[in-house]
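Single-letter residue listing:
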Amino acid sequence: MEKFDVIVIGSGVGGMACANPLQNAGKKVAVVEMDLWGGTCPNRGCDPKKVLIGAVEAKTQVRQLQGKGFNNQPKIDWPQLMAFKKTFTDPAPESFQRSLNTAGIETIKGQASFVSQDTLRVGTRQLQAKDIIIATGQRPSLPEIPGAELLHTSTDFLSLSTLPHEMIFLGAGYITFELATIAAACGSQVTIIHHNNRPLKAFDEMLVQEMTTQMTAKGIKFEWDTEITAALTDDNNRVQLRTDDEKSYTADYVVAATGRIPNIEGLSLEKVGVAVNRGGIAVDEFLQTNVSHIYACGDVVAKRRPKLTPVATFEGSYVASRILGETAAINYPLIPTIVYGSPKLAETGQTIANPDAGETETVMDLTQWFTYRRVNEDIAKVKLVKNTEGMLIGASVLSERADDMINYLTFCIQQKLTTEDLTKMIMGYPTLASDLSYLV
């Protein structure tokens, strides 16, 4: 029996955020990983996606300035772009494992499963610890329809060596919007099929409609209120999708982005009585499961808060502090969320006003503001929610630079900055930051 103070199952950002501070505090720590060291984000998630988005951003900027300094629209070379992406993803697993080992943390490869509430089996090894942290994340799921094996996931898309000529994306969540934007900008003919007419349901409906209008103008097709019931191959070895109203859609490649499921199979949680539900592992306000010395953090947790990389990092850091003696419950700050489309859509804080509480909503069209007009953006809008005292409490942003603006607005809300506060600061001009005093 090998004994540790803490065992972390999963080496993604949540697991790393737990393991390093615990090791630094003098704990004997082991990290178990059954797949790629570093988890989803650096290998097959936000990092490679953002590399591909970088090419889309560059192409978009040139397109916006056609006839205003540029006369040729660049084309994205998919194989070159993917080769560039691999310079980030290929070294990631070894780099993450090496960083753990350098810190003195033992790394163990394999599937961890509970033998008892304080003991895990990994292959032929038995590991025992006072505290165990589950940070195994989640993975894409495929719809349960005949022919589902013909469909692909976001993981498959991010590994494509050749871009298909015609692609269909199932589902209209943020993963579809992001990958469809990349595919269309790189030259694929893209269709998005969704089972109802309300995409990105967590975001402001008006701005979502504006976003889909902009994406349609860039050649992306949308099919609403369409339920896919089966997939099969046609005579040309293409994927044909059948619908509940007897329509059909055909493409070279179909990506199903219809949901993600927690990675809990194989852990044998039922042996030790850890409670789970459809969303993942159930935890309390201390990120403890119903077995008090077994914690969970990151995307494997059943929660209403967005399952995002920085949230997993925040939770991992909290779990480490809890094991080291923190007595207060986890207190989440504002969490900005971003859809990396073209344009981008982002939100933070309270995005729907409650008039009964004296809250107000204001929608501002910033398209002609210098910040956006100088690069000839197609659209720039912001929706602001303020409380009865006029303090900003939430915002939604639609523009090519919404990802940067939402972080500024999050900071302003978190720090309770007012217009007066901002006018006492001198920002670099002209920048997004110098616009803040006119928004807050």
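In the block above lies the structure referred to throughout.
Notes on the structure follow. Owing to the predicted nature of the structure, the values given are computational and were not obtained by experimental measurement.

Observations concerning the pattern of salt bridges
Here comes step 1: Overall, the coordinates contain 17 salt bridges when judged by the stated rule.
Here comes step 2: Between R98 and E94 there is a salt bridge, with its nearest N and O atoms 3.5 Å apart. Taken together, the residues R98 and E94, both in helix α5 (residues 92–102) and 4 residues apart, mark about one turn of the helix.
Here comes step 3: For E106, the salt bridge identified is with R125, shortest N-O distance 2.7 Å. Of this pair, E106 sits in strand β3 (residues 106–109) while R125 sits in strand β6 (residues 125–134), placing them 19 residues apart in sequence.
Here comes step 4: The class for E106 is partly exposed, based on a relative accessible area of 30%.
Here comes step 5: Overall, the relative accessible area of 27% leaves R125 in the partly exposed class.
Here comes step 6: Ionic contacts of the salt-bridge type, sharing partners, join the residues E2, E106 and R125 into one network.

Focus on helix α12 (residues 402–414)
Here comes step 1: Its 13 residues place the ends of α12 18 Å apart at the C-alpha level, agreeing with the 18 Å of an ideal helix rising 1.5 Å per residue.
Here comes step 2: A positive backbone phi angle near 55° is found at K416, which sits one or two residues after α12.

Let's talk about the packing of helix α3 (residues 46–64) against helix α4 (residues 78–89)
Here comes step 1: Contact geometry for α3 and α4: axes closest at 9 Å, N-to-C directions at 145°. Judged by the sense of rotation from one axis to the other, the crossing of α3 with α4 is right-handed. For the pair α3 and α4, contact is made by P48, V51, L52 and A55 and by W78, L81, M82, F84, K85, F88 and T89, respectively.
Here comes step 2: Classifying every residue of the contact of α3 with α4 by side-chain character gives 9 nonpolar, 1 polar and 1 charged.

Side note on the side chain of T348
Here comes step 1: Within the secondary structure layout, T348 lies in strand β20 (residues 344–349).
Here comes step 2: Judged by its relative accessible area of 1%, T348 falls in the buried class.
Here comes step 3: Reaching out from T348, the side chain makes a polar contact with the side chain of T410 at a distance of 2.9 Å.
Here comes step 4: Ignoring any residue separated from it by four or fewer positions in sequence, one finds T348 in contact with L334, I335, P336, G394, A395, I406, T410 and I413.

Examining a negative patch on the surface
Here comes step 1: Together, E227, D244, D245 and E246 make up a negatively charged patch on the protein surface.
Here comes step 2: Position of D244 relative to the elements: it lies in the loop between β12 (239–243) and β13 (248–251).

Considering the sheet that holds β13
Two modes of strand pairing occur in sheets, parallel and antiparallel, and in both the strands are linked by backbone hydrogen bonds.
Here comes step 1: With antiparallel pairing, 3 strands are arranged side by side in an open sheet as β11-β12-β13. The open sheet terminates on both sides in strands that have one partner only, identified here as β11 (228–233) and β13. Within the sheet, the average angular offset between the axes of one strand and its neighbour, ignoring direction, is 20°.
Here comes step 2: Pairing between β11 and β12: 5 bridges, direction antiparallel.

Details of the environment of E227
Here comes step 1: Tracing the sequence through the fold places E227 in the loop between β10 (221–223) and β11.
Here comes step 2: With sequence-adjacent residues up to four places away left out, E227 is seen in contact with H195, R242, T243 and D244.

Some thoughts on the packing of α3 against helix α7 (residues 174–185)
Here comes step 1: With their axes 10 Å apart at the nearest point, α3 and α7 run at an angle of 50° to one another. On the basis of their axis angle, the class for α3 and α7 is oblique. Relative to α7, the crossing made by α3 is left-handed. Along the contact surface, α3 presents K49, L52, I53, V56 and K59, while α7 presents E178, T181, I182 and A185.
Here comes step 2: Tallied by class, residues from the contact of α3 with α7 come to 5 nonpolar, 1 polar and 3 charged.

Here we look at the nonpolar core
Here comes step 1: Within the largest apolar cluster, 64 residues are counted, with the highest numbers of intra-cluster contacts made by W78, F157, M167, F169, I182, I192 and L345.
Here comes step 2: In terms of residues, this core owes the most to one element, α7, which gives 8 residues.
Here comes step 3: Residues within four places of I192 in sequence aside, it is in contact with F169, G171, A172, T176, A180, M215, I220, K221, F222 and E223.

Quick notes on the side chain of T191
Here comes step 1: By the element assignment, T191 lies in strand β9 (residues 189–193).
Here comes step 2: The buried category is assigned to T191, whose relative accessible area is 13%.
Here comes step 3: Apart from residues lying up to four places away in sequence, T191 is in contact with M167, I168, F169, K221 and E223.

A look at the environment of A58
Here comes step 1: Of note, A58 is situated in helix α3.
Here comes step 2: Separated by 18 residues in sequence, A58 and I76 place their C-alpha atoms 9.6 Å apart.

Conventions and cut-offs
- Residues numbered from 1 in each chain as written.
- Predicted model: local features only at pLDDT ≥ 70, side-chain atom pairs only at ≥ 80, totals over all residues.
- Heavy atoms only, no water.
- Salt bridge = Lys/Arg side-chain N within 4 Å of Asp/Glu carboxyl O.
- Helix = DSSP H or I, 4+ residues; strand = E, 2+ residues; numbered from the N terminus.
- Buried < 20%, exposed > 50% of the residue type's maximum accessible area, 1.4 Å probe, protein only.
- Expected span 1.5 Å × (residues − 1).
- Axes fitted to C-alpha atoms, helices over the stretch in contact; angles between N-to-C directions.
- Left-handed = near helix turned anticlockwise from the far one by under 90°.
- Contact = heavy atoms within 4.5 Å.
- Nonpolar A, V, L, I, M, F, W, Y, C, P; charged D, E, K, R; others polar.
- Polar contact = N/O pair within 3.5 Å; in protein donor to acceptor, adjacent residues only side chain to side chain.
- Patch = residues over 30% accessible without salt bridge, like charges linked within 9 Å, V, L, I, M, F, W, Y side chains within 5 Å.
- Areas by Shrake-Rupley, 256 points an atom, 1.4 Å probe, with all protein chains shown as cover.
- Lys, Arg positive; Asp, Glu negative; His and termini not counted.
- Charge placed at Lys NZ, Arg CZ, Asp CG, Glu CD.
- Pairing = 2+ DSSP bridges.
- Parallel < 35°, antiparallel > 145°, perpendicular 65-115°, else oblique.
- Core = buried A, V, L, I, M, F, W, Y, C linked by side-chain atoms within 4.5 Å.

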